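In case you want the letters, here they are:
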Amino acid sequence: MAEAKPAMRKPVFTKVDQLRPGTSGHTLTVKVVSSKMVMQKGRPDGLQARQTRIAECLIGDETGIIVFTARNEQVDLLKPNTIVILRNAKIDMFKGSMRLAVDKWGRIEVTETEPADFAVKEDNNLSLVEYELVNVVEE
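Residues numbered from 1 in each chain as written. Predicted model: local features only at pLDDT ≥ 70, side-chain atom pairs only at ≥ 80, totals over all residues. Heavy atoms only, no water.

S.K.: Would you mind going over the overall build of the protein chain with me for this structure?
M.R.: Scanning the protein chain from N- to C-terminus turns up one helix and six strands. Taken across its 139 residues, the protein chain has 35% of its residues classed as buried. Taking the intrachain contacts of the protein chain between residues at least 6 apart in sequence as the baseline, contacts between residues at least 24 apart amount to 62%. Split by element, the accessible area of the protein chain, about 9900 Å² in all, is 51% carbon and sulfur. (Helix = DSSP H or I, 4+ residues; strand = E, 2+ residues; numbered from the N terminus. Buried < 20%, exposed > 50% of the residue type's maximum accessible area, 1.4 Å probe, protein only. Contact = heavy atoms within 4.5 Å. Areas by Shrake-Rupley, 256 points an atom, 1.4 Å probe, with all protein chains shown as cover.)

S.K.: Any chance you could explain unusual backbone geometry here in plain terms?
M.R.: The phi angle of most residues is negative, glycine excepted, and most peptide bonds adopt the trans form. With a phi close to 60°, N88 is a non-glycine residue in the positive phi region. Among the secondary structure elements, N88 is positioned in strand β4 (residues 83–94). The exposure class of N88 is partly exposed, given its relative accessible area of 32%. The phi dihedral of K95 is positive, around 55°, even though this residue is not glycine. Residue placement: K95 occurs in the loop between β4 and β5 (97–101). Its relative accessible area of 73% is what places K95 among the exposed residues.

S.K.: What is the right way to read the nonpolar core from this model?
M.R.: Side chains that are nonpolar tend, in soluble globular proteins, to be buried together. In terms of nonpolar packing, the biggest core is built from 22 residues, with I59, I66, F68, L78, L86 and L100 touching the most fellow members. Contributions of two or more residues to this core are made by β1 (24–42), β2 (51–61), β3 (64–71), β4 and β5. Per-element tally for this core: the top contributor is β4, with four residues. Aside from chain neighbours lying at most four places away, what touches L100 is L19, L28, I59, I66, V67, F68, T69, L86, A89, K90 and I91. Counting residues in each nonpolar core, the second largest holds six residues, with L58, I65, V67 and V120 among its members. (Core = buried A, V, L, I, M, F, W, Y, C linked by side-chain atoms within 4.5 Å.)

S.K.: Please explain the pairing of β4 as it appears in this structure.
M.R.: On a regular strand, each side chain points to the face opposite its neighbour's, so the side chains alternate between the two faces of the sheet. As judged from the four bridges shared by β4 and strand β6 (residues 107–110), these two strands associate in the antiparallel manner. Looking at β6, one finds that I85 is bridged to E109. Across five bridges, the pairing between β4 and β5 is antiparallel. Of the residues in β5, the one forming a bridge with I91 is L100. Hairpin connection from β4 to β5: two residues lie between these consecutive antiparallel strands, with K95 at a positive phi of about 55°. (Pairing = 2+ DSSP bridges.)

S.K.: Which parts of the structure should I look at to understand the layout of surface pockets?
M.R.: With a probe scaled to a water molecule rolled over the atoms, the places where space remains empty come into view. Approximately 200 Å³ is the volume attributed to the largest pocket. Around the largest pocket, the lining residues are M8, R9, K10, P11, V12, G25 and T27. Grouping the constituent residues of the lining of the largest pocket by class yields three nonpolar, two polar and two charged. V38, I54, E56, T69, R71, D92, M93, F94 and R99 together form the lining of the second largest pocket. For the lining of the second largest pocket, the per-class residue count stands at four nonpolar, one polar and four charged. (1 Å grid on protein atoms, 1.4 Å probe; cavity = no way out; pocket = protein on both sides within 12 Å on 5 of 7 lines; lining within 4 Å. Points joined across faces, edges and corners; volume = space filled by probe spheres on them. Nonpolar A, V, L, I, M, F, W, Y, C, P; charged D, E, K, R; others polar.)

S.K.: What should I look at first to understand the side chain of S97 in this one?
M.R.: Relative to the helices and strands, S97 resides in strand β5. One polar contact links S97 to R99, side chain to side chain, over a distance of 3.2 Å. (Polar contact = N/O pair within 3.5 Å; in protein donor to acceptor, adjacent residues only side chain to side chain.)

This is the structure:
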C-alpha cells in the first residue's frame, strides 16, 4: 500500500510587531530599508577562499521595523528597497535587543513579481526595545 503524502501546510504570515524574544518559525514579507556591512573577513590563503560577511539590515512592514542579521550569501539578497519573504526566521537576542535571523533551516526569497503595496512604518523599531532576562524562583 502506498502511503499518501500529507499535504503541505499553508504558511502563516507574521507581522513585524508580533515578533517576541525567543521565538522562531516566523514567515514574513518585508521590505529592506537599509543594509550596512558589519564584518567582512576572508582567508588570504588559496586553500579556503571562504569569506565571512555579516550585514545588519533594517527591514520592516506596515507595522514596524527590526534589524535583520544577514550572513554570507544572504547579504547579496538583501539590497535596499527589495521585497523579500523570510521563511522559518528566528529571533536572536543581541545585547538585550531583538535581531531577526534566518539560519540554515530557513530560506530567503526575493519577490520580483510582488510590488510593495505597503509603506514601512519606520517609527516603530522593535530592535530599540531593550529586554532583560528575569529568573523567577518559585517557592
